[in-house]
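Structure assessment
Okay, here's what each chain looks like letter by letter:
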Amino acid sequence: AMMEMKEKLTRERISMEEERRKIGANVNQPFDEVQRKGERESLEVGEAAVEPVVTPKKRKKKKNKAAATEEEEKEKKVTSKESPMEVEGGADIATNVAVQQQLQQQQAMQQVSRPVPQTFQNQTDPTHNEAADLARQRAEIQAVLAQRQQAVQKQASLGGGGGGGSEDAARATAIAALMSAAGQRQQLQQQLQIQQQNNQPMMPGEKRGAQDRRGNNVAIDDEKLTLIEEEDKRTAINPSDVMELAQHTSEVFMCAWNPKFTNLIATGSGDASARIWTLNSDKTSHSILLPHGHDTADKKNKDVTTLEWSSSGEVLATGSYDGVARVWSRSGELLQTLKGHRGPIFSLKWNKRGNFLLSGSYDKSTIVWDVTGDVGFVKQQFSFHLAPALDVDWKDDLTFASCSTDKTVQICRVGFSRPVKTYSGHNDEVNAVKWDPSGTLLASCSDDCTAKVWDINSPRNDPKWDFKSHQQEIYTVKWSPTGPGSKNPSKPLLLATASFDGSVRLWSVADGACMRVLSRHRESVYSVAFSPSGDFLSSGSLAGQLYIWNVSNGAHIKSFKGNGDIFEVAWNTEETRVAACFSSNVVSVIDFKRP
């Protein structure tokens, strides 16, 4: 009888594990991590099928039609596999209905809720840690198993002898208990989410808190918020110092000042066009249209996703969502059309010599184009990434770095059939890579909330520095134009990181220390740019907030509030103007004078 009882308990425990997985209560993983994973999966599918908001980040993850269809089919299969009617053991109808309701609630939460940020959890419970979460969840499961064992023993004492009716009853009791435990967690999660909303947590596109001395996020009370707003008013840029470029008909994603002809700026937009603007001293401007489509049908999927001037300033390269790179003259003439990618182009970079153009694409490949003749051609295509390539950057005229959603950074060289190096230290998608002015240090940033600095001359594959202070995804990194190899060699080299947690951080690569935390932004920061001297830094965030900072002391010296979200900021080479690209279809050009 004892052996029979043990076997029955073993079967019940296995069944319990299967049922637990079906309703998402993973005992081997903290509950907020389970929800975060589900959120990412649902967001990727949602962006592919619905595309509710257009931002640079979501545009990088946007799927083409074939990929969207594939994801939808996968989602259908997952949903059918998780159907509550497939719960083994034939629990009664009432239990199945309850399980179905529980699944529907969890699916709804995955669609509309977000995981509680670790910083907020620390505020509500100073003793919170993942080990405690794990222990608590294990205790819940053990309690459920104990209840199941008691139910089985009770049925045995009544002479059930393992009959089908007693098994159903025991299983129904256990499922109800498990649902109760999961329901309690869900209720607690919902309560925390409500508190989150009341306290305005740091979420992309939402208001955030400031930071304490340790860099931990804390809520901004009304008094402090009022103080920040008053200070912003005192440092606000005079409207007479702002020129608005307003001929695009969709959001403007990027801009680039001409490095030689300093009154020219190029802009790229979701309206399937780029423009080259000439800015006059009397605050007037005119632009040349660079069309990427000629009618409504032809413009579909031709959003301009990236652009860059050559070092000579004579030609401009643009990349678009149709996977085509185009090379234009400074006067607006289309010189070359480069077709080789099978998906959207996310990044374009000229080498310093100007003979090669490098592109990174959704099709997982990077291409080096030879553009020295009248017709450009593929010099070499590199297909080593396992997922879309999000960014590329030249080290020198032959060597470059690329990063991908496959979580890796690769160093490749023209003429080599394999990567020179592969760095795999990130735990999530790598959003950007940038070489320092000397070409020896490579910075990368990721959705894993870290930025890393890699020494190309080191025989090791681990990072020289691993910066982990940000609380959310780091969208971009920029090196200061200082230190060895720059025009300002006597000034120390710094790295700026911009994050969805609303902060910008300045790091010393001499000792790995965080030199400054610039935390006035109350929204996600999408772009940062050092001024040519390295003395100033501009940053732009969602909700249209731009700040100009003094790098030496971390003080903000200018503020500007525009309409819409800021996707990119850029300085001209003379350090007299800052441009900001907005989701409201305009580019604001701000006059700047050194204080």
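Residues numbered from 1 in each chain as written. Predicted model: local features only at pLDDT ≥ 70, side-chain atom pairs only at ≥ 80, totals over all residues. Heavy atoms only, no water.

1. Considerations on the pattern of salt bridges
Tallied over the entire structure, the rule returns 17 salt bridges. Between D322 and R326 there is a salt bridge; the shortest N-O distance is 3.1 Å. Using a relative accessible area of 25% as the deciding quantity, one classes D322 as partly exposed. Classification of R326 as buried rests on a relative accessible area of 9%. Linking K349 and D393 is a salt bridge whose minimum nitrogen-to-oxygen distance equals 3.6 Å. Of this pair, K349 sits in strand 12 (residues 345–350) while D393 sits in strand 16 (residues 389–394), placing them 44 residues apart in sequence. Take D393: its relative accessible area is 13%, and that puts it in the buried class. Salt bridges sharing common partners tie together K349, D391, D393 and K434. (Salt bridge = Lys/Arg side-chain N within 4 Å of Asp/Glu carboxyl O. Buried < 20%, exposed > 50% of the residue type's maximum accessible area, 1.4 Å probe, protein only. Helix = DSSP H or I, 4+ residues; strand = E, 2+ residues; numbered from the N terminus.)

2. Thoughts on the confidence of the model for the chain
Summarising the model, the chain shows a mean pLDDT of 77, and 63% of its residues fall at 70 or more. Low pLDDT, under 50, characterises residues 23–73; the predicted model gives this stretch 96 contacts beyond four residues in sequence or across chains. Scored below 50 in pLDDT, residues 75–100 makes 31 contacts in the model with residues more than four places away or belonging to other chains. (pLDDT = per-residue confidence, 0-100. Contact = heavy atoms within 4.5 Å.)

3. A closer look at the packing of aromatic side chains
Inspection of every chain in the model, using the stated rule, returns 15 aromatic pairs. Aromatic side chains F346 and Y362 sit 6.5 Å apart centroid to centroid with 85° between the ring planes, which places their arrangement in the edge-to-face category. One end of the pair, F346, is in strand 12; the other, Y362, is in the loop between strand 13 (356–361) and strand 14 (366–370), and 16 residues separate them in sequence. In this pair, the class of F346 matches that of Y362, namely buried. A centroid spacing of 6.2 Å and a plane angle of 65° characterise the contact between F382 and F384, whose relative ring orientation is edge-to-face. Assessed through its relative accessible area of 2%, F382 is described here as buried. (Phe/Tyr/Trp six-rings, centres within 6.5 Å; stacked < 30°, edge-to-face > 60°.)

4. A closer look at the pairing of strand 16
Of all six residues that make up strand 16, six are buried, and the element is covered over most of its length. In the sheet, strand 16 pairs with strand 17 (residues 399–404) via five bridges, with the strands oriented antiparallel. Opposite D393, over in strand 17, you have A401 as the bridge partner. Count of turn residues in the strand 16/strand 17 antiparallel hairpin: four residues. (Pairing = 2+ DSSP bridges.)

5. What to know about the side chain of H292
Among the structural elements, H292 can be located in the loop between strand 7 (285–291) and strand 8 (304–309). At a separation of 3.0 Å, a polar atom in the side chain of H292 contacts the main-chain carbonyl oxygen of L290. If near-sequence neighbours (up to four positions away) are discounted, H292 is found in contact with A272, S273, A274, D298, K302, V304, T318, S320, R326 and W328. (Polar contact = N/O pair within 3.5 Å; in protein donor to acceptor, adjacent residues only side chain to side chain.)

6. Focus on unusual backbone geometry
Working note: non-glycine residues mostly have negative phi, and peptide bonds are mostly trans. Despite not being glycine, K283 shows a phi value in the positive range, around 75°. Position of K283 among the secondary structure elements: in the loop between strand 6 (273–279) and strand 7. One non-glycine residue, K407, adopts positive backbone phi at about 80°. In this structure, K407 sits in the loop between strand 17 and strand 18 (409–413).

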